[in-house]
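# Examination of the molecular architecture
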Amino acid sequence: MVVSMGSAWAAPATVTLSVPSMNCPVCPITVKKALMDVPGVQKAAVDFERLQATVTFDDSKTGIDALTRATRNAGYPSTLATKVAP
């Protein structure tokens, strides 16, 4: 008998992305929506003043590449600023 533990092995991860191309107070809304649309993202907070997005996600469902691709596709290229250990 095989028992699947599913998300029991998944670890939440938190990263901060640098999003330097945000240039107006409305930009964070678009960035947050793009990040929240990535499967596995649990929380996204975008700070316009710091030009950063902090994202918590299920690392068994998505990763940094998908997060940066989502912001780039929304018109706001991003890069990894920091990764917080689970």
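A brief look at the structure comes next. What you see is a predicted model; the values in this text were computed from it and never measured.

Cut-off values and rules
Here, residues in each chain are numbered from 1, in the same order as that chain's written sequence. The predicted nature of this model means local features are confined to residues of pLDDT at least 70 and side-chain atom pairs, given and counted, to a pLDDT of 80 or more, with totals for whole chains, interfaces and linings taken over all residues. Only heavy atoms go into the side-chain values, all of them from the structure, while hydrogens and water stay out. Here a strand is any run of E in DSSP of at least two residues, a helix any run of H or I of at least four, and the numbering for each starts at the N terminus. Only protein chains enter the area calculation, which uses a 1.4 Å probe; residues under 20% of their type maximum are buried, those over 50% are exposed, and those in between are partly exposed. Every residue pair with non-hydrogen atoms within 4.5 Å of one another is taken to be in contact. Here, nonpolar core refers to any group of buried Ala, Val, Leu, Ile, Met, Phe, Trp, Tyr and Cys residues whose side-chain atoms link them within 4.5 Å. In short, DSSP must find at least two bridges between two strands for them to pair. Salt bridge, as used here, is a side-chain nitrogen of Lys or Arg placed within 4 Å of a carboxyl oxygen of Asp or Glu.

Glancing now at the overall build of the chain. A tally of regular secondary structure across the chain gives two helices and four strands. Secondary structure elements of the chain occur, N-terminal to C-terminal, as β-α-β-β-α-β. By the burial criterion, 34% of the 86 residues in the chain qualify as buried. Look at the contacts in the chain between residues 6 or more apart in sequence, and 62% of them connect residues 24 or more apart.

Our focus in this paragraph is helix α2 (residues 64-73). What α2 keeps buried is the set A66, L67, T68, A70 and T71. In this structure, the buried side of α2 is in contact with β1 (12-18), α1 (27-36), β2 (41-47), β3 (52-58) and β4 (79-84).

Before going further, it helps to spend a moment on the nonpolar core. By size, the foremost hydrophobic cluster in this structure holds 19 residues, and its most contacted members are L17, V19, V31, L35, V55, F57 and L67. Looking at this core, the elements that each hand over two or more residues are β1, α1, β2, β3 and α2. Top contributing element to this core by residue count: α1, with four residues. Apart from the residues lying within four places of it in its own chain, the contact partners of L35 are L17, V41, A44, A53, V55, L67 and T71.

Right, let's talk about the pairing of β1 for a bit. In the sheet, β1 pairs with β3 via seven bridges, with the strands oriented antiparallel. Its bridge partner being in β3, L17 is matched across the sheet by A53. Looking at chain direction, β1 and β4 are connected through five bridges and run antiparallel. Paired with T14 across the two strands is V84, which belongs to β4.

Turning our eyes to something else, we now look at the pattern of salt bridges. Any two side chains of opposite charge can pair if their charged atoms end up close together. The final tally for this structure, using the stated rule, is two salt bridges. Here D47 ties to R50 by a salt bridge, and the two come within 3.9 Å at their closest N and O atoms. Classification of R50 as exposed rests on a relative accessible area of 62%.

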